[in-house]
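Structure at a glance
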Amino acid sequence: MKGKKQYARQLLGVCTLALLCGAVPAHGQSQDARAKRAATAQKSDPAPTGQNWNDPAEMHRFIDALMAKMTVKEKIGQLTQLTSSWESTGPTMRDSYKQDIAAGNVGSIFNAFTAKYTRELQKVAVEQTRLRIPLLFGYDVIHGHRTIFPISLGEAATWDMAAVEKGARISAVEAAAEGIHWTFSPMVDIARDPRWGRISEGSGEDVYLGSQIAAARVHGYQGKKIGDLDSVLATAKHFAAYGAAQAGRDYHTTDMSERELRDTYLPPFKAALDAGAATFMTSFNELNGVPATGSKFLLTDILRGEWGFKGFVVTDYTAINEMVPHGYARDEAQAGEQAMNAGVDMDMQGAVFMTHLEKSIAEGRVSQERVDQAVRSILEMKYRLGLFQDPYRYSDEAREKATIYKPEHLEAARDVARKSMVLLKNQGDVLPLAASAKSIAVIGPLGDSKEDMIGSWAAAGDRKTRPVTLLEGLRARAGKGVNVGYARGAGYRFDEAGKTDGFAEALALAQKSDVIIAAMGERWDMTGEAASRTDLDMPGAQQALLEELKKLGKPVVLVLMNGRPLTIDWAAENVDAILEAWYPGTMGGHAIADILFGDYNPSGKLPVTFPRTVGQVPIFYNMKNTGRPYTADKQGQKYLSRYLNTPNSPLYPFGYGLSYTSFGYSPVTIDKKTIRPGEALTASVTVTNTGKRDGEEVVQLYVRDLVGSVTRPVRELKGFLKVKLKRGESRKISFTLSDKDLAFHRADMSYGAEPGDFSLFVGGSSDATAQADFTLTK
Ligand code: NOJ
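Here goes a summary of the coordinates provided. (Residues numbered from 1 in each chain as written. Predicted model: local features only at pLDDT ≥ 70, side-chain atom pairs only at ≥ 80, totals over all residues. Heavy atoms only, no water.)

**Structural notes on the site of the ligand**
Note the threshold: The near set for a molecule or strand comprises every residue that places at least one heavy atom within 4 Å of it. Pairs of N or O atoms within 3.5 Å make up the polar contacts considered here, provided that, within protein, one atom can donate a hydrogen while the other can accept it, and that residues adjacent in sequence are counted only when both atoms are side-chain atoms. Residue exposure ignores everything except the shown protein chains as possible cover, and the areas themselves are Shrake-Rupley values with a 1.4 Å probe. Note that Gly is not counted as nonpolar here; it falls among the polar residues with everything else outside the nonpolar set of Ala, Val, Leu, Ile, Met, Phe, Trp, Tyr, Cys and Pro and the charged set of Asp, Glu, Lys and Arg.
Surveying the vicinity of the ligand reveals 14 residues, the closest of which are T89, D140, R198, H238 and D316. Measuring from an oxygen atom of the ligand, one finds a side-chain N or O atom of D316 at 2.5 Å. Considered on its own, the ligand offers 290 Å² of accessible surface; in the complex 100% of this is hidden by protein. Along the lines of polarity and charge, the residues of the shell around the ligand split into seven nonpolar, two polar and five charged.

This is the structure we're talking about:
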């Protein structure tokens, strides 16, 4: 408390002086507005103190005053972000970060957390720098902070926005209690190529689902209001089109039409912005020849110009420096100028602004006004977080202790995890496990592996002790009288293919068991950043072991843990059941057991298409029809858009997922066959739980625009609703649809719907068959 008052007094001193001096003009808003504010402030208001951080007028006065005091070097310091030595999330490291903070050269630190450590670093900024400007602490809190939720792709498979928001909320609560102000999340990149390892970090392939999730996550992170002690700033990343990397190779080039960019890749960013995302992060890729970090088109024209973004833009890790190898800047000084002039505000880890910007300003290649805009946008965020009032307000050890790993956080993680799992196959109702199964063999490298459970980008999640493995979860649930054995059997590393020395033990265990649970997939670090693959098979000797297990003639349940669609066509044919469990998080083992024993009826649906073979990639449900579509009535014909050796259809389509019960759909009815612009129609369907258990279904609405000034996809998701239906229960589900939902970038790039004929489809996956047709008139 004492420290707080003292800090406020110190700042008061700084700002009073600044106001009285009024010397250096602050930029970034109109000169008039600033002059007026300064005059009013001098006449009537007390000097701004940073105390009332909910008052925008006071914030502006405060920042004007503070900026009037700042040297160019101090301003550039605010634009610089460095990693602490705690963790590495990129290739380079600047060891001198503590000296850099003390010298006033750093505005933000990332990869540092805990109340104690953030306080320690904050103290350096606040006590050793001339202007005592507090640091902003950022961190990759992607799917949980300490309590880890399923990977983001898994959370997307819940199709449950309340669950997604809750995951983000709890992440924020825990992170904010450990001194973190800002998360580099949500990652809202549309990803349609499972070779790209970062598909695991996003919400999958679809624009509509991805946009809903982007908004839910931003709401979850930022809570009721920026500055609340249980919320953190969100970052919409990576802006933009990073997920479209050529050949699925990370950091690779993207090249696409502006229409594709605007119709497919940008909407989730806009949704994040509309939900209030405080910051944006640039992406590593070039887009149509210009690195995104130097793209004025993206960062200024679209983000600030068209969309009115008011927060600040941080680069990705050393992305400014990378404009040199991209071949866009001749050296880092020029790259810094390009980035700043394009609209970047903060340089993550590259130290380019720190090293070169002063000279660029002095020599007129970057305007002081642009720099001031950037500084202001960062100081505003610090102000809104209340850091000028109390720089240590997020670094409270007692709160930290009381907050992380709370039982309700763990319970929520378990709940979201079971909601995220997708039942891909369940032949002969082998699941849920029969009460008569008295011996269960858990086999495979993911059966008892704590470190894998939480997947990649697991923030401060503990990989060693906390995660509940599948084996532990099953044992905890199975109770007395059921023997759950374990054998690893096979390795999952790429270099373990052909290594069969564990097979005998696994087969012996399987032989004496009633049911085999094969826990297979990918090692946790095979997805995430810099984890691209050229095949999508289960790596190592897993497939070979699975085939041996099948030969025993026992029921085989494959539980997959992985961060991308895998090519599991053999398993889809040959094993009895498949449960896609993703990397389910800290409570993953319990969540899987909940499903395998039938305590929870699976309700997840795929947020991404599963191909039959990597050769089909990219494959996604809302493709174009082509001029030579390969339809059911033309089977076997040549000169059609098809493969000679594999069907066009995926192994499992987008939106697909089974339940332990079944659902029937009535024909779909619409209340109007024709709508005009501004009107809406209602499409209704009755969904019935036709099976023997209560369950949940994700009812999905798709639309096809039959003819356009540019061709339209064969289907586009336009709505969904997750409903709980008791056994035997029926419910009428209605969706409204207006011309706004039919909008796209037309031939002339204007945005809106086009009059014409449409079909809509309602069902439990993107293969939905209940159809109705309607017309949009002028
Ligand atoms: C690089 C990643 O691309 C980005 O997503 C992440 O936020 C930063 N590193 C910081 O760790």
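**With respect to the packing of aromatic side chains**
Stated formally: Each Phe, Tyr or Trp ring (for Trp, its six-membered ring) is paired with any other whose centre lies within 6.5 Å, and the angle between the two planes then decides the class: stacked below 30 degrees, edge-to-face above 60, tilted in between. Runs of E in the DSSP output that reach at least two residues are strands. Runs of H or I that reach at least four are helices, and both are numbered from the N terminus. Three labels apply to residues, based on accessible area from a 1.4 Å probe with only protein chains included: buried if under 20% of the type maximum, exposed if over 50%, partly exposed otherwise in between.
Throughout the structure, instances matching the rule amount to 27 aromatic pairs. For the pair F62 and F388, a centre-to-centre distance of 4.7 Å together with 55° between the ring planes defines the contact as tilted. With F62 in helix 3 (residues 56–69) and F388 in the loop between helix 15 (368–384) and helix 16 (397–403), this pair connects stretches of sequence that are 326 residues apart. No difference in accessibility class separates F62 from F388, as the two residues are buried.

**Observations regarding the nonpolar core**
Using the following cut-off: Joining through side-chain atoms within 4.5 Å is the link that ties buried Ala, Val, Leu, Ile, Met, Phe, Trp, Tyr and Cys residues into a set, and such a set is a nonpolar core. For this analysis, residues touch if any pair of their heavy atoms sits within 4.5 Å.
If you look at the biggest cluster of nonpolar residues, it comprises 171 residues, and the most contacted ones within it are F280 and L596. When residues of this core are assigned to their parent elements, the largest contribution, seven residues, is made by helix 15. Discounting residues that sit within four places of it in the chain, F280 has contacts with T235, A236, F239, F269, L273, L303, W307, F309, F312, V313 and V314. Listed in part, the 25 residues of the second largest apolar core include V699, L701, I733 and A772.

**Considerations on the pairing of strand 21 (residues 695–705)**
What counts here: For two strands to be treated as a pair, DSSP must find at least two bridges joining them.
With 10 of 11 residues buried, strand 21 is to be regarded as a mostly interior element. One ladder, built from nine bridges, connects strand 21 with strand 22 (residues 716–725); its direction is antiparallel. Bridge pairing in strand 22 places L701 opposite G719. Pairing of strand 21 with strand 26 (residues 756–763) involves six bridges; the strand directions are antiparallel. Looking at strand 26, one finds that R704 is bridged to S759.

**Thoughts on the sheet that holds strand 12 (residues 439–443)**
How we decide: Axes here refer to lines fitted to C-alpha atoms; in helices the fit is confined to the stretch in contact. Angles between the N-to-C directions go from 0 to 180 degrees.
Spatial strand order, 11-16-15-14-12-13: six strands in an open sheet with mixed pairing. Single-partner strands in this sheet number two, and they are strand 11 (422–426) and strand 13 (483–487). In this sheet, neighbouring strand axes are inclined to one another by 15° on average, regardless of whether the strands run parallel or antiparallel. Two strands pair when backbone bridges link them, and strand 12 and strand 13 are joined in this way by five bridges, in the parallel orientation. In the strand pairing of strand 13, I440 is matched with V484.

**Description of the packing of helix 3 against helix 15**
For any two helices packed against each other, one specifies the inter-axial angle together with the distance between the axes. To be explicit about the condition: Angle categories are assigned with fixed cut-offs, so that under 35 degrees is roughly parallel, over 145 is roughly antiparallel, 65 to 115 is roughly perpendicular, and the rest are oblique. Take the far helix as the reference: if the near one is turned anticlockwise from it by less than a right angle, the crossing is left-handed, and if turned clockwise, right-handed.
Where helix 3 meets helix 15, the axes come as close as 10 Å, and the angle between the chain directions of the two elements is 130°. As summarised for this structure, helix 3 and helix 15 are arranged oblique, according to the angle between their axes. Our pair here, helix 3 against helix 15, has a crossing hand that is right-handed. Contacts from E58, M59, H60, F62, I63, D64, L66 and M67 in helix 3 reach D372, V375, R376, L379, E380, Y383 and R384 in helix 15. Taken together, the residues of the contact of helix 3 with helix 15 sort by class into eight nonpolar, one polar and six charged.

**Structural notes on unusual backbone geometry**
Most peptide bonds are trans, and most residues other than glycine sit at a negative phi. Omega for the bond connecting S185 with P186 falls within 30 degrees of zero, at 10°, which places this linkage in the cis form. By the element assignment, P186 lies in the loop between strand 4 (182–183) and helix 9 (207–222). With an omega of -5°, the peptide bond running from L431 to P432 counts as cis. Residue placement: P432 occurs in the loop between strand 11 and strand 12. Residues other than glycine seldom take positive phi values, yet T114 does so here, at roughly 85°. Locating T114 in the fold gives a position in the loop between strand 2 (108–110) and helix 6 (115–128). Looking at T114, the relative accessible area reads 15%, which means it is buried. Although it is not a glycine, N288 adopts a positive phi angle of roughly 50°. For N288, the location among the structural elements is in the loop between strand 7 (286–287) and strand 8 (290–291). Given the relative accessible area of 37%, N288 is considered partly exposed.

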